[in-house]
Amino acid sequence: MVSDVHGEAEALARAGDGADALVCLGDLILFIDYHDLTQGIFPELFGRDNAEHLVGLRTARRFDEARTFSRALWASLDSDPQEAIERAVRRQYSDLFAAFPDPTYLTYGNVDLPGLWKDYVRDGVTVLDGQTADIGGRRFGFVGGGLRTPMHTPYEISDEDYAAKVAALGEVDVLCCHIPPAVPELTYDVVARRFERGSEAVLEAIRATQPDYMLFGHVHQPLARRMRIGKTECINVGHFQATGRPFALTWD
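Everything numeric in this text was worked out from a predicted model, so none of it was measured.

Rules and cut-offs
Residues numbered from 1 in each chain as written. Predicted model: local features only at pLDDT ≥ 70, side-chain atom pairs only at ≥ 80, totals over all residues. Heavy atoms only, no water. Pairing = 2+ DSSP bridges. Helix = DSSP H or I, 4+ residues; strand = E, 2+ residues; numbered from the N terminus. Axes fitted to C-alpha atoms, helices over the stretch in contact; angles between N-to-C directions. Phe/Tyr/Trp six-rings, centres within 6.5 Å; stacked < 30°, edge-to-face > 60°. Buried < 20%, exposed > 50% of the residue type's maximum accessible area, 1.4 Å probe, protein only. Salt bridge = Lys/Arg side-chain N within 4 Å of Asp/Glu carboxyl O.

1. Thoughts on the sheet that holds strand β2 (residues 104–106)
And step 1. Here three strands make up an open sheet; going across it, the order is β1-β2-β3 and the pairing parallel. The open sheet is flanked by β1 (22–24) and β3 (125–127), the only strands paired with a single partner. If you compare each strand with its neighbour and ignore which way they point, the axes differ by 20 degrees on average.

Here it is in structure tokens:
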């Protein structure tokens, strides 16, 4: 079980070793690495100094200034910005999808481009969003993407559309989402010093249906990595790009 891969193809190729299946909860793309500002699409195009300035604006929650600064940089490119982004993203997706073992089940993160995934999915790799799958005799439900934020990341949707995907799952044994339920301890990032958006619909589904597990990622340095809500164990499976270690989900 992995989430927030952010370009880490080498470790991803080993993540399923010894497991019946690999489950990935999204955010494959590395756009900018807050820990190493030389890594990712943005610093590749604009350099470390500009990446550091952008991260500083975002960390200070000066999102309007960050967008203005970013737009000016993209406008300075000799090529079309969308084409430059797509070329860089496709290079990452090519390496990452090649690294997935068979079988892999995955859903989108908020920092992903779902429209491109069809070009890289192959036999043994199953993409699910608002859908369920039987894995090892257990019913897994998957909800991808994130909710709308001032960050305007690529795959953010309305609260209503997100809730509809959660409702479409029905009762599951394991609920897998990119984002956490809307619980402060699970949504607060202690390094970025901000709350990420969690889902009220996911929290309501946990309370109503009590799956055995609710697994998620998105919050890289959470205040709490796991919490029990009723009988449901909610677990942040980790910032894979930083640790290179998958989370092992086992049953007695």
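What follows picks up the thread again.
2. Concerning the packing of aromatic side chains
And step 1. Applying the stated rule across the entire model yields 17 aromatic pairs.
And step 2. When the centroid spacing of 6.5 Å and the interplanar angle of 75 degrees are considered together, the rings of phenylalanine 42 and tryptophan 74 count as edge-to-face. One end of the pair, phenylalanine 42, is in helix α2 (residues 41–46); the other, tryptophan 74, is in helix α4 (residues 63–75), with 32 residues separating them in the sequence. Neither residue differs from the other here; phenylalanine 42 and tryptophan 74 are each classed as buried.
And step 3. Ring geometry for tyrosine 93 and phenylalanine 97: centres 5.8 Å apart, planes at 85 degrees, overall edge-to-face. Here phenylalanine 97 and tyrosine 93 lie together in helix α5 (residues 81–99), a separation of four residues that amounts to about one turn.

3. Examining the pattern of salt bridges
And step 1. Inspection of every chain in the model, using the stated rule, returns twelve salt bridges.
And step 2. Glutamate 52 is the partner of arginine 48 in a salt bridge, and the nearest nitrogen-oxygen pair spans 3.0 Å. With a gap of four residues between them, arginine 48 and glutamate 52 both fall in helix α3 (residues 48–59), about one helical turn apart.
And step 3. The exposure class assigned to arginine 48 is partly exposed, which follows from its relative accessible area of 42%.

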